[in-house]
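Summary of the model geometry
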Amino acid sequence: MNQKLIRLQSYILSVVFFLTIFAGQIIFIEKSFAATQSRTFTKTIMQTINYTYLTNPWTTVSSVASPSTVPTSYSINEDGYTGSIPRTSFVNTTPWHMTGSASSPYPGRYYNYYQSVWTATYNGTLTKTVPDPTPTPTPVPTPTPTPVPLSDLVITSLSWSPTSPITGNNVSFTATVKNQGSGTSPNGVIHGVSFRVDGTEVAWSTSFSSSLAPGASTNITAGGWSATVGTHTVNACVDVAVQRISESNESNNWSSNLTMNVTNQTPTPTPTPTPNLPQSVTITYPISNGNYNRGNITAAWDAISGASYLLYMRDLTVNMLILDGVSAGTTNLYNILSKYFYEGHKYRITVKATVGSSEVWGDKSFNINLSDARQEIIDRGNAMIGYSWTPAQSVRAWRDNLENKFLPGVTYSGIPYSQTAYQCSISSVSWPYGSYFDSKLNDSSSGFYDDYTRFDPPIIMPKYGNDCSGYTSICWNINRETTVGIATHSRVGKTSETYLKQYARMSPGDAFVVSGSHTFVLERIEAVNDSSGNLIKLKFICNEQTPYNSRERIWYSNDCSNDGYISVSKNSTLAQDYTWDWQ
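Residues numbered from 1 in each chain as written. Predicted model: local features only at pLDDT ≥ 70, side-chain atom pairs only at ≥ 80, totals over all residues. Heavy atoms only, no water.

As for the sheet that holds strand 6 (residues 170-179)
Strand order in the open sheet formed by 3 strands is 5-6-9, with antiparallel pairing between adjacent strands. Looking at strand neighbours, the two that pair on one side only are strand 5 (153-161) and strand 9 (217-226), the edges of this open sheet. On average, each strand axis in the sheet is tilted by 20° relative to the strand beside it, whichever way the strands run. With 8 bridges connecting them, strand 5 and strand 6 associate as antiparallel partners. Across the sheet, valine 154 pairs through a bridge with lysine 178, a residue of strand 6. (Pairing = 2+ DSSP bridges. Helix = DSSP H or I, 4+ residues; strand = E, 2+ residues; numbered from the N terminus. Axes fitted to C-alpha atoms, helices over the stretch in contact; angles between N-to-C directions.)

Remarks on helix 5 (residues 468-476)
Of all 9 residues making up helix 5, 9 are buried, and the element is well covered by its neighbours. By the burial criterion, the buried members of helix 5 are Cys468, Ser469, Gly470, Tyr471, Thr472, Ser473, Ile474, Cys475 and Trp476. Of the residues one or two after helix 5, asparagine 477 is the one with positive phi, at around 60°. (Buried < 20%, exposed > 50% of the residue type's maximum accessible area, 1.4 Å probe, protein only.)

Topic: the environment of threonine 350
Residue position: threonine 350 is located in strand 16 (residues 346-355). Placed 13 residues apart in sequence, threonine 350 and aspartate 363 show a C-alpha to C-alpha distance of 4.1 Å. Each residue touching threonine 350, except ones within four places of it in the same chain, is listed here: Leu310, Leu311, Tyr312, Trp361, Gly362 and Asp363. (Contact = heavy atoms within 4.5 Å.)

Some details on the packing of helix 3 (residues 372-386) against helix 5
It is the contact of helix 3 with helix 5, at a shortest axis distance of 7 Å, that shows an interaxial angle of 135°. Taken together, helix 3 and helix 5 sit at an angle that is classed as oblique. In contact with Ile377, Arg380, Gly381, Met384 and Ile385 of helix 3, helix 5 contributes Tyr471, Ile474, Cys475 and Trp476. Broken down by class, the residue content of the contact of helix 3 with helix 5 amounts to 7 nonpolar, 1 polar and 1 charged. (Parallel < 35°, antiparallel > 145°, perpendicular 65-115°, else oblique. Nonpolar A, V, L, I, M, F, W, Y, C, P; charged D, E, K, R; others polar.)

Remarks on unusual backbone geometry
Residue proline 162 is bonded to the preceding serine 161 through a cis peptide linkage, with omega at 0°. Its location among the elements puts proline 162 in the loop between strand 5 and strand 6. In this structure, tyrosine 548 follows proline 547 across a cis peptide bond, with omega equal to 10°. Not every positive phi belongs to a glycine, and aspartate 198 is a case in point at roughly 55°.

Quick word on the sheet that holds strand 23 (residues 511-514)
Here 6 strands make up an open sheet; going across it, the order is 22-27-23-24-25-26 and the pairing antiparallel. Looking at the sheet topology across the chains shown, the edges are occupied by strand 22 (490-491) and strand 26 (549-556). Pairing geometry for strand 22 and strand 27 (residues 566-569), over 2 bridges, is antiparallel. Residue serine 490 lies in a different strand from strand 27, and its bridge partner there is serine 569. Contacts between helix 3 and the sheet are confined to strand 24 (518-529), strand 25 (535-546), strand 26 and strand 27, with strand 25 contributing the most and set at about 60° to the helix. Taken strand by strand, helix 5 contacts strand 23, strand 24, strand 25, strand 26 and strand 27, and its axis lies near 75° from that of strand 24.

Let's talk about the pattern of salt bridges
Tallying each qualifying case throughout the model produces 10 salt bridges. Residue arginine 380 is joined to glutamate 376 by a salt bridge in which the shortest nitrogen-to-oxygen separation is 3.7 Å. Within this pair, arginine 380 and its partner glutamate 376 are both found in helix 3, separated by 4 residues, close to a single helical turn. Residue class for glutamate 376 comes out partly exposed when judged on its relative accessible area of 42%. The residue arginine 505 makes a salt bridge to glutamate 497 at a minimum N-O spacing of 2.8 Å. As far as the burial class goes, arginine 505 and glutamate 497 line up, both buried. The network of salt bridges with shared partners includes Glu343, Arg374 and Asp510. (Salt bridge = Lys/Arg side-chain N within 4 Å of Asp/Glu carboxyl O.)

Quick look at the packing of aromatic side chains
Under the definition given, this model contains 23 aromatic pairs. Look at phenylalanine 173 and phenylalanine 195: their rings are 5.7 Å apart centre to centre, the planes differ by 20°, and that puts the pair in the stacked class. In this pair, phenylalanine 173 sits in strand 6 while phenylalanine 195 sits in strand 7 (residues 193-197), placing the two residues 22 residues apart along the sequence. Here tryptophan 389 and phenylalanine 437 contribute two aromatic rings whose centre-to-centre distance is 5.4 Å and whose plane-to-plane angle is 75°, an arrangement assigned as edge-to-face. Linking tryptophan 389 in strand 18 (residues 388-389) with phenylalanine 437 in helix 4 (residues 433-441), this pair joins segments that are 48 residues apart in sequence. (Phe/Tyr/Trp six-rings, centres within 6.5 Å; stacked < 30°, edge-to-face > 60°.)

Section: the confidence of the model for the protein
For the protein, per-residue confidence averages 78 on the pLDDT scale, and 74% of positions sit at 70 or higher. At the low end of the mean pLDDT range in the protein sits helix 1 (residues 2-30), at 42; at the high end sits strand 23, at 96. A low-confidence stretch, residues 272-279 stays under pLDDT 50, and its non-local contacts, those more than four residues away or across chains, total 8 contacts. (pLDDT = per-residue confidence, 0-100.)

Re the side chain of glutamate 497
Within the element layout of this structure, glutamate 497 appears in the loop between strand 22 and helix 7 (499-504). Owing to a relative accessible area of 14%, glutamate 497 belongs among the buried residues under this scheme. Here lysine 494 takes part through its backbone nitrogen, which lies 3.1 Å from a polar atom of the side chain of glutamate 497. (Polar contact = N/O pair within 3.5 Å; in protein donor to acceptor, adjacent residues only side chain to side chain.)

Given below as structure tokens:
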């Protein structure tokens, strides 16, 4: 039993010994980090010794000592090799070579010059330690970024008020916008909604700019459409015309089509009570349509002893009282009224005569017709909007938008939006505009269908077309201006006035502009009232060059005010030959 135990202990010790040796070999191998390199160096040094001997007669010199300045070893410091190599050879390679003789500096005597050249050779091998190269670290893979969840805006319901409109009703629209995406829509970014009747935009809302969480909804309302009799198709879209929000699905922003029936029923007007007075107040005016500079408006009344009177004037186009309680008489009122006339507007003059505790009213309405110069501005804008063209090949739209590119064989209305140098200005192109555009469309050498790229980063756009400032310049019949130049034209309103009053002073043919940004031309103004007849805001029907082509667009005074638009008029004095029509 003891012997077996002894043999087992011996076997364990042998295994431990073997593992110890094996482990030592492993350690020895792992510690062999460096390698040794060697190189043989050979160097040669030569030294010349000169001697002078006086000879009279010639003297033979048979030997001379070797130079003592030649070292017995040579130091090396080169490419990491450092050390000394020994002198292995030292010989006199040119012994006693006579180099010349002369008779001076000792007259009458000769002396000779001798040279002895010694060559020392050094030879030896040096070694150096070369460390192993530093291993190249393994690159850490870049983590794949987690995609950011996006919102997805859709319209879940659409309605209008009044629900059963009649001809002439001011109709407002309401869309329920829902975020059915997995991400929250951005806060502070306009969630724009466009409302369309029979394919034409009639209202646009930019009032909502809060974020919508996934699954959340909000109601967005805009109004201003004057109902016309008949059956109409109504729909709406969110974040399409001006795409401000990135969505996971950009193709589902339109609502389904709904049908609206507008009847021709009109409400029975409430009769105006007739004053039970024999007196009356009348307003006289030129018998024929008068020129702006030949106004003759007089408020007259019957000769009533002790009567007092007041005059009022309202701009019916913008639903704004512009004169309140001005004293009136038989004198010409033209100087009072003329400074408030704006072309394309409709007005009402009212005179109130007071006799004791009784009042008598008289009123007249009239329209200020557009001058020829302003009508030409509107006509030029409408010509570019209504201009039809049919490409023979595909034309890339602004920013190479494939969804809105111009396809071959399809007829389009409106000049394309572009920011190239090939825009038309009246100074270089004869009217009508279309003749120039057609000439490029049908000219194979014009590059009409070529891809055209500008800016950095590059933007693809049509070669021929207009941007907003080029469009306004053509409407105004002036040389090409930028938005900066257009903003320097005559201001319509005063700088101290509120935007609403400033906009109310505009006439068709004036322009809205934000310097360095955008501009468009006013075609006409309409008032937007609440159910009590109070003015809410102004509605502007405008002509505009915007992606992807020129078109008519509706703006509202609150949107223009929020975006900082000022109202400007063409600097050159427009022909003041407009007329007024009394009713």
